[in-house]
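Fold and contact review
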Amino acid sequence: MKVKTILVSQPEPKIENSPYFDLQEKQKVKIDFRPFIHVEGVDAKEIRLQKVDLKNYTAIILTSRNAVDHFFRVADEMRFKVPDSMKYFCQSEAVAYYLQKYVVYRKRKIYVGKRNFAELSPLIKKYKDETFLLPTTDKLKTEVPKILNELGVNWKEAVFYRTVISDLSDLANVLYDILVFFSPSGIDSLFHNFPDFKQNDTRIAVFGNTTIKAAEDKGLRVDISAPSPETPSMTMALEKYINDTNKKK
């Protein structure tokens, strides 16, 4: 079956030059975006119950833009003025760049990893005398606490925001040729909203090994996966599949 419609389980990109828009134009397919999960902040009262006092920390570990937003939201709710001396350890350049929304970049002590958390660990180890706070989600990857414990640093994890399943009931009678997922939480959301979901001719596209496993554990057939050496991005994997499928007679 030819591909005409795709649903991506994420918010619509805000940038005009998104590869999804290029894919849509080039392949003449319809691409819709809908977050299957969303983030909700934990209030200051609940964070205090986690025995977190922001003044006790000299360094913040930020693994995502959500972590940045919710750390500063909580600081504001707690009427805590973040000191200029605070050190920020950002997992990637994208997170560090986003931090500029809240701090004057050149006046702060900001340390940046390359991409994954393991690549940030040498920087954290270099400043092992700091007291680190990790504001995070309830879906924290297991590798993060494992690495921090192995480094032997003084650190605390606190849930500042949660991943919540979105209401997708309005999609009950809407069919797409391809559904695109980027996390196990997205797969969970699909079956939470539609417990009787049958894949039939719907193609499932997934990004990352944990998402592949989550899909297969639910009995789904994975038709498109990324990253791979040939298709490192989801849009490249989709384009290859569409090229191979739509040219068939």
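Placed above this text is the structure.
Conventions used here
- Residues numbered from 1 in each chain as written.
- Predicted model: local features only at pLDDT ≥ 70, side-chain atom pairs only at ≥ 80, totals over all residues.
- Heavy atoms only, no water.
- Salt bridge = Lys/Arg side-chain N within 4 Å of Asp/Glu carboxyl O.
- Helix = DSSP H or I, 4+ residues; strand = E, 2+ residues; numbered from the N terminus.
- Buried < 20%, exposed > 50% of the residue type's maximum accessible area, 1.4 Å probe, protein only.
- Contact = heavy atoms within 4.5 Å.
- Pairing = 2+ DSSP bridges.
- Polar contact = N/O pair within 3.5 Å; in protein donor to acceptor, adjacent residues only side chain to side chain.
- Axes fitted to C-alpha atoms, helices over the stretch in contact; angles between N-to-C directions.
- Phe/Tyr/Trp six-rings, centres within 6.5 Å; stacked < 30°, edge-to-face > 60°.
- Lys NZ or Arg CZ within 6 Å of the ring centre and 35° of its normal.

Applying the stated criterion across every chain, the model contains 13 salt bridges. Across the pair Lys146 and Glu150 runs a salt bridge whose closest N-O atoms are separated by 2.9 Å. With a gap of four residues between them, Lys146 and Glu150 both fall in helix α6 (residues 143–151), about one helical turn apart. The residues Lys146 and Glu150 share a single accessibility class, namely exposed.

What follows is about helix α7 (residues 184–193). With seven of its ten residues buried, α7 lies for the most part within the structure. On its buried face, α7 is in contact with β3 (37–41), β8 (154–165), β9 (178–181) and α8 (209–217).

Counting buried positions over the seven residues of strand β7 (residues 131–137) gives six, a clear majority of the element. Sheet analysis places strand β4 (residues 59–62) next to β7, joined by two bridges and oriented parallel. Bridge pairing links Ile60 to Leu133 in β7. Pairing of β7 with β8 involves seven bridges; the strand directions are parallel. Among the inter-strand pairings, Thr131 is bridged to a residue of β8, identified as Asn154.

Turning to the side chain of Asn246, a few remarks are in order. Here Asn246 is to be found in helix α9 (residues 234–246). At 2.7 Å, the side chain of Asn246 and the backbone nitrogen of Val3 are in polar contact. Residues in contact with Asn246, not counting those within four places in the same chain, are Lys2 and Val3.

All right, on to the sheet that holds β3 then. Spatially, the six strands line up as an open sheet ordered β3-β8-β7-β4-β5-β6, and their pairing is mixed. Taken across any chain shown, the strands that pair with only one partner, and hence form the sheet edges, are β3 and β6 (109–112). On average, each strand axis in the sheet is tilted by 25° relative to the strand beside it, whichever way the strands run. Direction of pairing for β4 relative to strand β5 (residues 87–90): parallel, over a ladder of four bridges. Across the sheet, the residue bridging to Ile61 is Phe89, located in β5.

Once that is clear, we can look at the side chain of Ser185. Here Ser185 shows up in helix α7. Excluding anything up to four places from it in sequence, Ser185 contacts Ile37, Lys139 and Thr163.

In this section: the packing of aromatic side chains. A complete count under the given rule lists twelve aromatic pairs for this structure. Pairing Phe71 with Phe72 gives two aromatic rings, centres 5.0 Å apart and planes at 80°, and the pair type is edge-to-face. Each member of the pair, Phe71 as well as Phe72, carries the same accessibility label: buried. Residues Phe182 and Phe207 carry aromatic rings whose centres are separated by 6.1 Å and whose planes lie at 35° to one another, so their mutual orientation is tilted. Note that Phe182 is positioned in the loop between β9 and α7 and Phe207 in strand β10 (residues 203–207), a separation of 25 residues in sequence. Looking at Phe182, the relative accessible area reads 23%, which means it is partly exposed. When its relative accessible area of 28% is taken as the criterion, Phe207 is described as partly exposed. For the cation-ring pair, Arg65 lies above Tyr98, with the distance from its terminal atom to the ring centre recorded as 5.8 Å.

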